[in-house]
Amino acid sequence: MERFTKQYFPKTKYLFFTGKGGVGKTSVASSLAYSEANNNKRVLLISTDPASNLQDIFHQPLTNEPTLINGTTSLYALNLDPVQAADDYKEQMVSPYRGKLPDVVIQSMEEQMSGACTVEIAAFNQFSALLTDPKVQEDFDMIIFDTAPTGHTLRLLQLPMAWSGFLADNTSGASCLGPLAGLESKKQMYKKAVEVLSDVEQTTLLLVTRPDTNPLKEAARASKELFDIGIRNQQLIINGLLDIADSDDVYAKGFYMRQRSAIEKMPIELTKFPMYTLPLVPYTITSLERMDAWLNDKSLDEELIEATNINSVFNPLSIHQLIEEIIENPKRVLFTMGKGGVGKTTVATLVALGLAEKGEHVHLTTTDPAAHIKWVLGENKPETLTISNIDPTTVLESYKKEVLQKASESMDEDGLAFVREDLESPCTEEIAVFRAFADVIESHPNEIIVIDTAPTGHTLLLLDSSESYHKEINRSSGDVPIAVKHLLPTLRDETKTSILITTLPEATPIYEAERLQQDLKRAGLHVSHWIVNQSFRDVKTEHPLLSQKAKHESKWLEKVDSLSNHQTVLIPWSLVEPTGLDGLHTLLEEK
């Protein structure tokens with residue numbers, strides 16, 4: 001694999017960056033934009049990320065209009081606020097029905113449009129306008145989008161039923177995006193935007209990932225989904241690769257071997273695209289000098305590599321102490337929540353194992369493949385620990401079949417086509433999986449239930465809305481199973497349920513976890529602890545890059561400690577991979 005440098009930059013006018021939070025999309029997009037501007041191109045960098053830190057990178061305020069970046073002559077940037085756009089969109093869709101439908105129906109409609117899908121369609125609305133604006137085309141040689149739309153959004157917009165009066169007139173179904181008929185005036189703009197995205201002569205999709213197993217799997221999923229709908233000019237950038245050619249540090253060697261192993265086992269779908277790497281560096285990408293050095297393989301003056309003192313006041317809990325707290329204040333249900341790739345399965349397994357070894361009767365249920373849990377836990381688990389696996393594909397297909405069977409009683413084929421695509425929404429899988437979790441909990445009444453991979457607050461509110469108002473708004477299958485009805489009140493009772501938000505000690509995963517906490521609060525759920533996984537804070541490494549990485553964690557750990565009300569659990573990065581009883585016990589030991 002080659003290092004990603006100027007000679008490998010895409011030649012198309014439009015560049016779209018995609019990847020899970022925390023993989024470095026914004027850093028790569030910003031650095032590439034600055035490098036191209038230095039190459040006498042007029043460049044526009046656009047962020048549609050709710051947690052965008054473009055203004056922090058460039059140290060200047062940004063708006064929704066192109067702003068010249070200080071220190072450059074031809075690099076412009078703008079921040080689109082998709083959350084505000086989603087609020088505006090929601091009001092546009094709901095306002096025609098105020099006063100005409102019961103309040104409970106209006107509330108349910110608003111909740112349907114409070115999820116990630118609505119934010120995404122609102123963001124797509126904004127950058128479609130930029131993609132198709134003749135003045136923008138004329139003013140800039142290259143337009144770079146930090147955060148690409150998902151395949152679900154693009155497919156939904158291509159369905160004819162999205163533009164009819166179907167949703168406004170039919171009360172037997174509603175999209176996760178709400179009634180789209182009001183966007184008829186934008187149909188041609190969306191059509192043109194999708195055409196531009198699919199044109200290999202005009203657009204390149206850059207998949208940014210890290211040399212770790214989960215981010216590589218996520219990149220493969222996004223790649224296939226977008227490839228299948230015509231966005232086929234793709235490149236892969238593996239960010240944060242450690243080179244230990246001159247190091248004898250035991251931690252650096254362990255870190256290096258894990259990265260190389262993940263790359264060797266990457267999904268085969270990714271290997272058909274051009275593949276490049278960017279190195280792990282001992283600084284954050286927060287200045288033009290650092291951008292230039294990182295992307296163009298230049299050395300930096302020492303004073304430009306900041307040093308941060310590790311916070312000595314921060315005093316987190318260990319996973320061992322968390323388990324002792326749970327035993328002292330028993331719970332019926334324990335959730336691990338967080339974005340993909342932060343280690344929810346490892347955390348759930350650690351907690352379940354720790355409780356079981358203290359004599360508690362525990363049932364661990366997960367949406368990860370059963371073989372993976374077996375790999376993580378090993379063969380010799382305690383007798384007081386039982387495990388079940390929920391296959392998301394199986395329960396989702398069963399749920400879709402149930403919904404479509406009911407919808408077919410009142411809809412024609414066009415209507416059913418729309419419902420089929422709407423069922424591809426992430427919300428649908430969350431609902432299907434949550435229903436399966438509820439069944440597991442109902443059937444294990446005398447055990448502590450540890451659940452890996454939980455629904456968002458939005459999904460829980462959708463279920464609650466269906467429970468109360470399904471006669472008015474028949475979203476999905478309508479009736480909510482008894483097990484779900486029993487579980488929803490339990491989740492809102494903090495004496496019975498603990499929610500453990502899992503994150504990494506980095507900016508984007510923490511911002512995403514903060515939004516998750518707000519989402520849960522809106523649904524009436526209480527977060528008891530934040531768990532920071534894979535921290536280098538207390539790792540005794542002498543490798544300069546990894547030592548600097550530890551120092552840079554300081555301000556993010558302080559932020560987590562504030563967000564968690566000082567209920568933070570720290571899990572250190574371990575030389576021993578946390579698999580099998582030996583690996584898990586390395587993390588469970590009291591330090």
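All of these numbers come straight from a predicted model, not from anything done at the bench. (Residues numbered from 1 in each chain as written. Predicted model: local features only at pLDDT ≥ 70, side-chain atom pairs only at ≥ 80, totals over all residues. Heavy atoms only, no water.)

Undergrad: Tell me about helix α13 (residues 319-328), residues and numbers included.
TA: Turning to α13, its buried residues number three or more, namely I319, H320, L322, I323 and I326. Buried residues of α13, seen end-on, are gathered within an arc of 160° and therefore sit on one face of the element. On its buried face, α13 sits against β10 (333-337), α14 (344-357), β14 (497-503), β15 (527-535), β16 (568-572) and α24 (580-588). (Buried < 20%, exposed > 50% of the residue type's maximum accessible area, 1.4 Å probe, protein only. Helix = DSSP H or I, 4+ residues; strand = E, 2+ residues; numbered from the N terminus. Arc of directions from axis to C-beta. Contact = heavy atoms within 4.5 Å.)

Undergrad: Please set out helix α22 (residues 544-552) residue by residue, giving values where relevant.
TA: For α22, the full list of buried residues reads L545, L546, Q548, A550 and H552. Buried positions along α22 lie against α11 (250-264) and α23 (554-563).

Undergrad: Give a description of the sheet that holds strand β9 (residues 275-279) that names residues and reports values.
TA: With mixed pairing, nine strands are arranged side by side in an open sheet as β1-β9-β8-β7-β2-β6-β3-β5-β4. Each edge of the open sheet is held by one strand with a lone partner, namely β1 (2-3) and β4 (67-68). For strand β3 (residues 43-47) and strand β6 (residues 142-146), the ladder comprises five bridges, and the chain directions are parallel. Bridge pairing in β6 links S47 to D146. (Pairing = 2+ DSSP bridges.)

Undergrad: Talk me through the environment of V208; I want residue IDs and the actual numbers.
TA: Relative to the helices and strands, V208 is located in strand β7 (residues 203-209). As a C-alpha pair, V208 and G24 span 184 residues in sequence and 7.0 Å in three-dimensional space. Among residues more than four places away in sequence, those in contact with V208 are F17, T18, G19, V23, G24, K25, V28, I237 and N239.

Undergrad: Break down the side chain of R537 for me, with residues and values.
TA: Secondary-structure assignment places R537 in the loop between β15 and α22. Judged by relative accessible area, R537 falls into the buried class, the value being 15%.

Undergrad: Pulling in residues and values, what's your account of the packing of α22 against α23?
TA: Two numbers describe how α22 lies on α23: the axes approach to 4 Å, and their chain directions differ by 30°. When the axes of α22 and α23 are compared, the pair comes out roughly parallel. Counted together, A550, K551 and H552 of α22 and S554, K555 and W556 of α23 form the full contact between these two elements. Considering only residue class, the contact of α22 with α23 consists of two nonpolar, two polar and two charged. (Axes fitted to C-alpha atoms, helices over the stretch in contact; angles between N-to-C directions. Parallel < 35°, antiparallel > 145°, perpendicular 65-115°, else oblique. Nonpolar A, V, L, I, M, F, W, Y, C, P; charged D, E, K, R; others polar.)

Undergrad: Could you give an account of the layout of surface pockets, naming the residues involved and the relevant values?
TA: Size it by volume and the second largest pocket reaches roughly 610 Å³. Around the second largest pocket sit 28 residues that line it, and P279, L280, V281, P282 and L545 are the ones nearest its centre. Elements supplying a minimum of two residues to the lining of the second largest pocket: β9, α12 (288-295) and α22. Partitioning the lining of the second largest pocket into residue classes produces 16 nonpolar, five polar and seven charged. (1 Å grid on protein atoms, 1.4 Å probe; cavity = no way out; pocket = protein on both sides within 12 Å on 5 of 7 lines; lining within 4 Å. Points joined across faces, edges and corners; volume = space filled by probe spheres on them.)

Undergrad: Run through the pattern of salt bridges, naming residues and quoting values.
TA: Under the defined criterion, the tally for this structure stands at 16 salt bridges. As a salt-bridge pair, K41 and E36 come within 3.6 Å of each other at their nearest N and O atoms. Judged by its relative accessible area of 24%, K41 falls in the partly exposed class. With a closest N to O distance of 2.7 Å, D139 and K135 form a salt bridge. Here D139 and its partner K135 are both found in helix α6 (residues 134-139), four residues apart, which amounts to about one turn of the helix. On the accessibility criterion, K135 (54% relative accessible area) is exposed. Sharing partners across several salt bridges, the network here consists of R210, E506 and K549. (Salt bridge = Lys/Arg side-chain N within 4 Å of Asp/Glu carboxyl O.)

Undergrad: A description of the pairing of β9 should follow, citing residues and the corresponding values.
TA: Of all the five residues making up β9, four are buried; the element is thus mostly covered by neighbouring parts of the structure. Judged from the two bridges that link them, β1 and β9 form a sheet pairing that is parallel. Bridge pairing links E2 to Y276 in β9. In the sheet, strand β8 (residues 234-241) pairs with β9 via five bridges, with the strands oriented parallel. When the bridges of β9 are listed, N239 appears paired with L278. Considered for its hand, the β-α-β crossover made up of β8, α11 and β9 is right-handed. (Right-handed = clockwise from strand over helix to strand, strands pointing away.)

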